[in-house]
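# Summary of structural features
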Amino acid sequence: MFTAQAKFHIGQVVRHRKHPFRGVIFDVDPRFSNTEEWYDAIPEDSRPVKDQPFYHLLAENDQSYYVAYVSEQNLLPDETGEPVGHPDLPDLFGDFEDGRYPLQFQLN
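Residues numbered from 1 in each chain as written. Predicted model: local features only at pLDDT ≥ 70, side-chain atom pairs only at ≥ 80, totals over all residues. Heavy atoms only, no water.

Under an unreviewed UniProt entry, the name given to the protein is Heat shock protein HspQ, and the source organism is Fuscovulum ytuae.

## Observations regarding the overall build of the protein
How we decide: A run of H or I in DSSP counts as a helix once it spans at least four residues, and a run of E counts as a strand once it spans at least two, with each numbered from the N terminus. Here the globule rule reads 2.2 Å times residues to the power 0.38, and the radius of gyration is calculated from C-alpha atoms. Residue exposure (1.4 Å probe, protein chains only): buried if accessible area is under 20% of the type maximum, exposed if over 50%, otherwise partly exposed. Contacts are assigned to residue pairs that have any heavy atoms within 4.5 Å of one another. The Shrake-Rupley method, run with a 1.4 Å probe sphere, supplies the accessible areas, and residue values consider only the shown protein chains as cover. Counted as positive: Lys and Arg. Counted as negative: Asp and Glu, with His and the chain ends omitted from the count. In this description, the location of a charge corresponds to atom NZ of lysine, CZ of arginine, CG of aspartate or CD of glutamate.
Helices and strands together make up the secondary structure of the protein, namely two helices and five strands. Against the compact-globule benchmark of 13 Å for 108 residues, the protein has a radius of gyration of 14 Å, which places it among compact chains. In terms of its C-alpha atoms, the protein occupies a principal-axis envelope of roughly 40 × 35 × 25 Å. Across the 108 residues that make up the protein, the buried fraction comes to 37%. Within the protein, contacts between residues at least 6 apart in sequence are counted, and of these 55% link residues at least 24 apart. Carbon and sulfur atoms make up 47% of the accessible area of the protein, which amounts to about 6,900 Å² in all. For the protein, the separation between the mean place of its 9 positive charges and that of its 19 negative charges on side chains is 7 Å.

## A closer look at the pairing of strand E4 (residues 65–71)
Note the following rule: DSSP-based pairing: two strands are paired if at least 2 bridges between them are found.
As judged from the seven bridges shared by strand E3 (residues 54–60) and E4, these two strands associate in the antiparallel manner. In the strand pairing of E4, Tyr55 is matched with Val70. Linking two consecutive strands that pair antiparallel, namely E3 and E4, is a turn of four residues.

## Notes on the environment of Gly94
Here Gly94 shows up in the segment after helix H2 (89–92). Note: C-alpha distance between Gly94 and Gln104 (ten residues apart in sequence) is 5.3 Å. Not counting residues within four places of it along the chain, the set of residues in contact with Gly94 comprises Tyr101, Pro102, Leu103 and Gln104.

## Some thoughts on the pairing of strand E2 (residues 22–29)
Both strand E1 (residues 13–16) and E2 contribute to a ladder of three bridges, which runs antiparallel. Along E2, the bridge assignment pairs Val14 with Gly23. Turn length for the E1-E2 hairpin, with the two strands adjacent in sequence and antiparallel, is five residues.

## Topic: the side chain of Arg22
Operational definition: N or O atoms within 3.5 Å of each other form a polar contact, as long as, within protein, one can give a hydrogen and the other can take it, and as long as residues adjacent in sequence are counted only when both atoms are side-chain atoms.
Structurally, the position occupied by Arg22 is in strand E2. Only 2.6 Å separates the side chain of Arg22 from the backbone oxygen of Glu82, close enough to count as a polar contact. When residues no more than four places from it in sequence are discounted, the contact partners of Arg22 are Val13, Val14, Arg15, Leu58, Ala59, Glu60, Asp78, Thr80, Glu82, Pro83 and Val84.

See below:
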């Protein structure tokens, strides 16, 4: 039986280990749960293992806002203490406080 414990949590601000973007976690998959086409598009020498948590982020970089899907091995906590400016944040979260975003809706 596969079990995984997520290192990061919903509402946490994180940054990518290799690429210049950061974001807020809004969902977690206990293991890879995207398409094979998405996975195969990652260069083979950079592909993360599938048996680890993967995180859905409301992400931002210097040019845009988007949704990212990132393996746990490629994330680090964001230590800047700065809020994220993604325009969809108010749909899911309350105001940024104490370095995180509290959920604004009830989970099932």
